[in-house]
Amino acid sequence: MMKPVPRLWVVIPVTFVFCLFVLFQLQISNLFGKNLQITHQVNNFFISIASSSHHQTPNPTRFANESDGNRAKQPQEEETCAGRYIYMHNIPSIFNDDIIQNCKTLIKWFTMCPFMVNSGLGSQVSLSDNKAARVLTSKTGSWYATNQFLLAVIFRERMKHYECLTNDSSLASAFYVPYYAGFDVSRHLWGYNTTVRDELGIKLAKWLRERPEWRKMNGRDHFFVTGRIGWDFRRGLDDDSAWGSKLMLLPEFANMTMLSIETTAWTNEFAVPYPTYFHPKSLSEVRRWQKKVKNVKRRYLYSFVGAPRPNMDGSIRGEIIKQCLASHGRCKFLDCNKGQDCDNPVTVMEVFQRSVFCLQPKGDSYTRRSIFDSILAGCIPVFFHPGSGYNQYMWYFPKDYTKYSVYIPEKGMKDGTVSLRSLLGRIDWGSIVRMRNEVVKIIPKIIYTKPGLVGPEKIDDAFEIALDRVVERVAMVKRMMEEGKDLQSEYSQTRDLKKLEQLLMERETGPSSSAKLRRGDREEDVKVIEWEEFDHELTRLWSLSSALKLATEKKLSLQPKLESLIQVSADSLRRANELEEMRQRLEARKLLVEKTSAACKVTEQDVKVKEDSLSAEVRSLLVGGTTLSIAKSKLQESNCQLEGESGYTHLKIVTNKLRKRQQYMVSQVSFIYPLKIEAGPSQDQELESLPGGSRLGTKPVSQGSVRILGLPFSMAPFTKMSFFTDKKEVQKSATALGYVAHAVSLLASYLGVPIRYPLRLGGSKTYIRDYAPYIEPSSSDMSAISTLSQNSKFVEFPLFLDGQDTTRAAYAVFLLNKNIEQLLNFVGENSLGPRQDGGEDLYKIGENAPLKKLMTAYCVKKNLDRSTVRFIFKKKGLKPRHTPSQLKMEDNDIIDIVTEQGGGGPYTA
């Protein structure tokens, strides 16, 4: 049996070994360029282990000696902005202002309009009631109902008042792009395809790429801010069902730095605090608030403000709510699903102020706005996942998370092995006070002061810290570019969140964690390992470093080739894009030329037609000009003859000759158609009324009998036509009327009178034409409303009987009398025929036809405005809806017409 070989045990502090590993890896990294992704993962792994140790070396900063976390700007620092200048791009309004113009559609579930006021801070919280004044500070006007998505708007307004904002891009250390990317994607998340979601981002990328400031560092000195989480901009698939946009996958934005309320694992993303309700104007106001939350009495051990997530896999909110409700008053639960006013700053801040610990489980994403509201209230946050705070807000939270928060792994909540009341209740009062003081120190770093209203002492708020870190990052990237180092580590996914989560779980679930948490002074952890194992570990690390060296050398040898290929590919892509743009412009111009050519052809045809028309008109004008010249010559000759006293005498002689000639011609007509008047009553006392209608005006009774060429005038056949009527009498009457019509036509031509109703001579078949409107009853229903037939051409009426219809023949005789009346008036004789006063018109209308048709016909004929004419029958005004049967009208009834003239009083016709 062999004797056991004595073993050498070495006690080595774990932190010493970790520091040795860190220094060793850093040395290897410096020697070989630390370019490979595996190198960064190893370094990050050891750095995470080192930072998780209970004994961290404090990071000395310029705020280290300030007990409340505030820093007033010193006078000597106000004198320079060297290395801190920011240039803000003046991008087109479609990328910011136009997006929020329609504030109702930015978020599908509610309108953002109430939150847009006060430069994005929202409406001011009123402190008039006692509760608000007790929960919040005095009436300083610094509390607003701020929405968490308004970060980009608030940041832009703050940037406008930034002390080191410059218009000279050559002085700038960083370039700010005021693009509202969060609102651009949120308004298109539901019901829109990927093309619409990516459209503005692609346009902005092209716009930035063409700026001279971009070519300086290919956008690596550019940054933008968004009020949404980073995953909303990293859509992996071009599928309409996929979430978000691919903004951060565009080559231009992949070079930029994004500041968002929650980041992914990519190293060019950095988390900044959610906006809170508090936006102070001065440092003294912040200190008053810090003092208030330090000394406020807290009734509850812990609280939770939120809603359950029953449909979310792995959510621990249900267990948290269950334990809170069963805590017998030690926990306060504000259920946001039951309308308990979770958007009211007073309600939310009151719950957090009265609680020692505030639970912050994951929601739809890792982080919550509630984290910063609880810190603002001086409440110690309790995290259940490292991604909710520790891996996010590294610019704002202490690296040692145990100084300001409590970490409880989700696993214990899921399996029900953790009792919140028991675990949080075991923490001693001294530790609580120390953590609360650290939380109060964080307050100035996580608030956004009011834009443009900062007092004499500047506050290093979340905005200022973010700008300082961006400037530092840009400077570091610039040095790496100058040294020829690879920039992949600053723009790739190298963060390992799982490892940090595992380390946190191991640390919190250790057997001595609770005891160490209660002790004010922590002892240094020690680990006992064998020397052989330590030697073996060193050998393994040396082998790993050799492998890293070989990999680095291979990478360096491939890097020039890869860069040249990338450059060639970029040039080819650029040229292809230029060719595509040229092709599109060429197609557009070709289409424009085709449209112009077609328009030219149409214009050419129109010009040809117009030329032909113009030629015809010119020829017509030439003929007219010739005629006018001849007429002008004759007129001049006539003027010469009429000049002076002899001209007047000549005109008088010509006029007398013309008068004598007319008299002679008229006398000849009397020889052609001699008239004979016999004494005694005529066969017909008067022209009988038009059958089936009424008329305007009357006709005096004729005395005696008149014959023409021996034929008597008789109206009996026109009014009493029947089967027993003598056909010879009808023929004689038609022949006599033909003689009269011919005589009237001859007299009118001899006297040079254009008769009103032209004649179409035909002996006993003569017709007379009427151009006036004529009202006829509808052929479909004689009792229905009559229709107005106003023909654009004349209507002919026979001066003879055409069948059994006597109406048209009677109306023709009436028109012939009008022509005779016109000739008599021309020669100065009084008319003895019908309507001799010229103020009566005859109309035919059905018994059941509305008078509206008659009224319209009269106004059209007389060229009168209907609104100025009144129709009166038996001293009563008539309405358009009245009918002759309603008014009990009979044939020969007269309707009086009253019109209002433009000059004043009425005129009666």
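Residues numbered from 1 in each chain as written. Predicted model: local features only at pLDDT ≥ 70, side-chain atom pairs only at ≥ 80, totals over all residues. Heavy atoms only, no water.

Peer 1: Explain the nonpolar core to me, please; I cannot follow it from the model alone.
Peer 2: One recurring pattern in soluble globular proteins is that nonpolar side chains are buried together. Counting 135 residues, the largest nonpolar core has Y179, F183 and F357 as the members making the most contacts within it. It is helix 16 (residues 462–482) that provides the largest number of residues to this core, a total of 10 residues. Those residues in contact with Y179 that sit more than four places away from it in its chain are I91, F95, I99, D184, L200, G201, L204, V225, L247 and F253. Counting residues in hydrophobic clusters, the runner-up holds 29 residues, among them A743, V753, L815 and L816. (Core = buried A, V, L, I, M, F, W, Y, C linked by side-chain atoms within 4.5 Å. Buried < 20%, exposed > 50% of the residue type's maximum accessible area, 1.4 Å probe, protein only. Helix = DSSP H or I, 4+ residues; strand = E, 2+ residues; numbered from the N terminus. Contact = heavy atoms within 4.5 Å.)

Peer 1: Even after reading the chapter, I still don't get the sheet that holds strand 8 (residues 300–306), so can you show me in this structure?
Peer 2: To summarise the sheet geometry, strands pair through backbone hydrogen bonds and adopt either a parallel or an antiparallel arrangement. If you trace the five strands from one edge of the open sheet to the other, you get 9-8-10-11-12, paired in parallel fashion. Of all strands in the sheet, those bounded by a partner on one side alone are strand 9 (331–335) and strand 12 (406–407). Across the face of the sheet, helix 10 (residues 317–325) comes into contact with strand 8, strand 9 and strand 10 (355–360) while running at roughly 140° to strand 8. Contacts from helix 15 (residues 429–442) reach strand 10, strand 11 (380–383) and strand 12, with the element oriented near 100° to strand 11. (Pairing = 2+ DSSP bridges. Axes fitted to C-alpha atoms, helices over the stretch in contact; angles between N-to-C directions.)

Peer 1: Hey, could you run me through the state of the cysteines in this one?
Peer 2: Where two cysteines share a covalent bond between their sulfur atoms, that bond is called a disulfide. This model, assessed by the stated rule, comprises five disulfides. Through a disulfide, C103 is tied to C113; the S-S separation comes to 1.9 Å. Looking along the S-S bond of the C103-C113 disulfide, the torsion reads about 95°, which is the right-handed sense. Here C103 is found in the loop between helix 3 (97–101) and helix 4 (130–135), whereas its partner C113 is found in the loop between helix 3 and helix 4, with 10 residues between them in sequence. Judged by relative accessible area, C103 falls into the buried class, the value being 13%. (Disulfide = S-S within 2.5 Å.)

Peer 1: What is the right way to read the pairing of strand 5 (residues 222–225) from this model?
Peer 2: For a regular strand, the rule is simple: side chains alternate between the two faces of the sheet. Of the two faces of strand 5, the one lined by H222 and F224 and the one lined by F223 and V225 are each fully buried. Bridge count between strand 5 and strand 6 (residues 257–260): three bridges; the pairing is parallel. When the sheet's bridge partners are listed, F223 is paired in strand 6 with T257.

Peer 1: Honestly, the packing of aromatic side chains in this entry has me stumped. Any pointers?
Peer 2: How two aromatic rings sit relative to each other is given by the distance of their centres and the angle of their planes. The full count for this structure, using the stated rule, is 29 aromatic pairs. Their ring planes at 50° and their centres at 5.9 Å tell us that F155 and Y176 sit as a pair that is tilted. Taken together, the residues span a long stretch of sequence, with F155 in helix 5 (residues 151–160) and Y176 in strand 4 (residues 174–176) at a distance of 21 residues. Take F155: its relative accessible area is 1%, and that puts it in the buried class. What makes Y176 buried here is its relative accessible area of 2%. One aromatic cluster in this structure is built from F155, Y162, Y176, F223 and F463. When the ring centre of Y277 is taken as origin, the NZ or CZ atom of R369, which lies over that ring, is 4.1 Å away. Above the plane of the ring of F794 lies R769, whose end atom (NZ or CZ) is 4.2 Å from the centre. (Phe/Tyr/Trp six-rings, centres within 6.5 Å; stacked < 30°, edge-to-face > 60°. Lys NZ or Arg CZ within 6 Å of the ring centre and 35° of its normal.)

Peer 1: Can you help me understand helix 23 (residues 807–827) in this one?
Peer 2: Since the α-helix packs 3.6 residues into each turn, any two residues three or four apart lie on the same face. For helix 23, spanning 21 residues, the distance from its first C-alpha to its last is 31 Å, which sits close to the expected 30 Å at 1.5 Å a residue. Immediately downstream of helix 23, the backbone of G828 shows phi near 90°, a positive value. (Expected span 1.5 Å × (residues − 1).)

Peer 1: Could you clarify how one ought to interpret the pattern of salt bridges in this entry?
Peer 2: When the charged atoms of two side chains lie near each other, side chains of opposite charge can form a pair. Counted under the stated rule, the structure contains 28 salt bridges. One salt bridge in this structure joins R134 and E350, with 3.3 Å as the shortest N-O distance. Of this pair, R134 sits in helix 4 while E350 sits in helix 11 (residues 345–353), and the two are 216 residues apart along the sequence. In this structure R134 comes out as partly exposed when scored by relative accessible area, which is 48%. On the basis of relative accessibility, which here comes to 14%, the residue E350 falls in the buried class. One connected set of salt bridges, linked through shared partners, spans K131, R134 and E350. (Salt bridge = Lys/Arg side-chain N within 4 Å of Asp/Glu carboxyl O.)

Peer 1: Mind showing me how you'd approach the sheet that holds strand 7 (residues 269–271) here?
Peer 2: Ordered in space as 3-2-4-5-6-7, the six strands form an open sheet in which the pairing is parallel. In this open sheet, the two strands that pair with only one neighbour each are strand 3 (165–166) and strand 7. Direction of pairing for strand 4 relative to strand 5: parallel, over a ladder of two bridges. Paired with F175 across the bridge in strand 5 is H222. Seen against the sheet, helix 5 touches strand 2 (86–88), strand 3, strand 4, strand 5 and strand 6 and runs at an angle of roughly 125° to strand 5. Against the sheet, helix 16 contacts strand 2, strand 4, strand 5, strand 6 and strand 7, and its axis sits at roughly 160° relative to strand 6.

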